[in-house]
Amino acid sequence: MTRVTLDWLHIVALLGAIQGVFLAGVLITKRTNRTASRLLAATMLAFSVYLATLVYHAVGFEQVFPQFFGAAYPMPFLYGPLVYLYALTASDRSRGLTWRDALHFVPFLAVVIAGLPIYLMSGSDKIAFYHQLQNGVRPLLLRVADPLKLISGVTYAVVTIVFLHRHRERVKESYSSTERVNLRWLLWLGIAAGSIWALAVVFQLLESVGMARFGRGDDYVALAIAVLVYGIGYMGSRQPEIFRYETAEYPIVVAKDVAEHVATPEPPPQPEPDVAAPRYERSGLTDRQAERLRDALLVLMESERPWQNSDLTLADLAARLDTTPHKLSEVLNAQIGQTFYDFVNGYRVREVQRRIAAGDAHRLTMLSLALDAGFASKSTFNVVFKKHTNRTPSDYRQTAGA
């Protein structure tokens, strides 16, 4: 009779596997951004199979149910592609999967096909094979696939994090507040996945030099995966939809009564951009049209104060100017030298500065001033204010004598 020897780590893994299956079921039923939801559901199922296998071996079930032996071995080849594709489709809900995306799963299929001789073994042969592995006898397939598994995971983790960093910069081209654009969630997921792969590499190196017991690293990696599953269950349920605005081309019609017949104000002082403005594919704007659009934009920002709306987007502002987001973004970067995010938040910072100088900070809190100016949160206000003034809001307030 098989003796059950579950310790706390295996219990955590078992609960993580159950949680992963439950999350997968919830994600599959989601009606919004179905591609991303199904990719995350597939990731949860792959994690669950891996975690369940840890418990499978811990209780000695390979002796009773050898048919399932080795089922989880190819799963790590799925983690990297699934998380990467999830990041792509979650950050742009208009993106679907293409036949080229199937190429990401070639290594997984290759390992499955190469392992068919093992999967097709009889139950008794699988048990004997498992005992050989415990005694340190490893076939060529495992000696080749094990390092490739780590290389694949680390590579995808790096690529995913780089993509998410670039995505964060793209978001600032379209949004004035990022609180409702799900950046932290994606970054958290990418960094967490990368950390697990780094942990796997460390244990692999320790085992290779005899500083760690063989197979124990898998237990701690499984524990990290279980924690990740719990984290996804908690954070995923709290996050809004993630999407990147798609620019659409419409004929430009700048309001002439605004652009030509209203005196153009002096451009407000702008902080130096942190990075060089990106190069744009020409949208068809002539230099004169770009200047007129810039002038109309500055008039609009001063007269209508749209920046007080914390949900203001590039698309909203473009609609007010009867132009396209792409053309407006080109003007912001080429004519003004800022992203949409920095441009709009500059007005918000200057409004808070004006109200501090006017003495409003005596009767209102800094948070109230920030919210009135269009900031969506205190944390964002503090970061943006210091970026534009090189001082914290409290330091500025004291200096201003408020």
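Here's a quick rundown of the structure.

Reading the values: rules and limits
Residues numbered from 1 in each chain as written. Predicted model: local features only at pLDDT ≥ 70, side-chain atom pairs only at ≥ 80, totals over all residues. Heavy atoms only, no water. Helix = DSSP H or I, 4+ residues; strand = E, 2+ residues; numbered from the N terminus. Contact = heavy atoms within 4.5 Å. Phe/Tyr/Trp six-rings, centres within 6.5 Å; stacked < 30°, edge-to-face > 60°. Buried < 20%, exposed > 50% of the residue type's maximum accessible area, 1.4 Å probe, protein only. Core = buried A, V, L, I, M, F, W, Y, C linked by side-chain atoms within 4.5 Å.

## Let's talk about the environment of proline 393
(1) Moving on: The residue proline 393 is located in helix α17 (residues 393-399) in this model.
(2) Moving on: Between the C-alpha atom of proline 393 and that of alanine 370, which follows or precedes it by 23 residues, the distance is 9.8 Å.
(3) Moving on: If near-sequence neighbours (up to four positions away) are discounted, proline 393 is found in contact with Met366, Phe381, Asn382 and Phe385.

## Quick look at the packing of aromatic side chains
(1) Moving on: Within the structure shown, the criterion is met by 14 aromatic pairs.
(2) Moving on: Geometrically, the ring pair formed by phenylalanine 203 and tyrosine 220 is stacked, given 5.6 Å between the ring centres and 5° between the ring planes. Of this pair, phenylalanine 203 sits in helix α8 (residues 183-208) while tyrosine 220 sits in helix α9 (residues 216-236); the two residues are 17 residues apart in sequence, bridging distant segments of the chain.
(3) Moving on: Assessed through its relative accessible area of 17%, phenylalanine 203 is described here as buried.
(4) Moving on: Through pairs of rings, three or more aromatic residues link up here, namely Phe47, Tyr50, Tyr79 and Trp197.

## Things to note about the nonpolar core
(1) Moving on: Of all hydrophobic cores here, the largest spans 55 residues; its most connected members are Met44, Leu51, Tyr79, Tyr86, Ile225 and Ile232.
(2) Moving on: Where this core is concerned, the elements lending two or more residues are α1 (8-28), α2 (34-58), α3 (76-91), α4 (106-114), α7 (140-171), α8 and α9.
(3) Moving on: Residues contacting leucine 51, with those up to four places away along its chain left out, are Ala13, Gly16, Ala17, Ala222, Ile225, Ala226 and Val229.
(4) Moving on: Of all hydrophobic cores here, the second largest spans 22 residues; its members include Leu297, Met301, Leu312 and Val331.

## Details of unusual backbone geometry
(1) Moving on: Positive phi, normally seen in glycine, also occurs at arginine 305, with a value near 50°.
(2) Moving on: With respect to the element layout, arginine 305 can be found in the loop between α11 (287-303) and α12 (314-320).
(3) Moving on: The phi torsion at aspartate 322 lies on the positive side, around 55°, for a residue other than glycine.
(4) Moving on: Of note, aspartate 322 is situated in the loop between α12 and α13 (325-336).

Remember that the coordinates give geometry; whether it matters functionally is a separate question.
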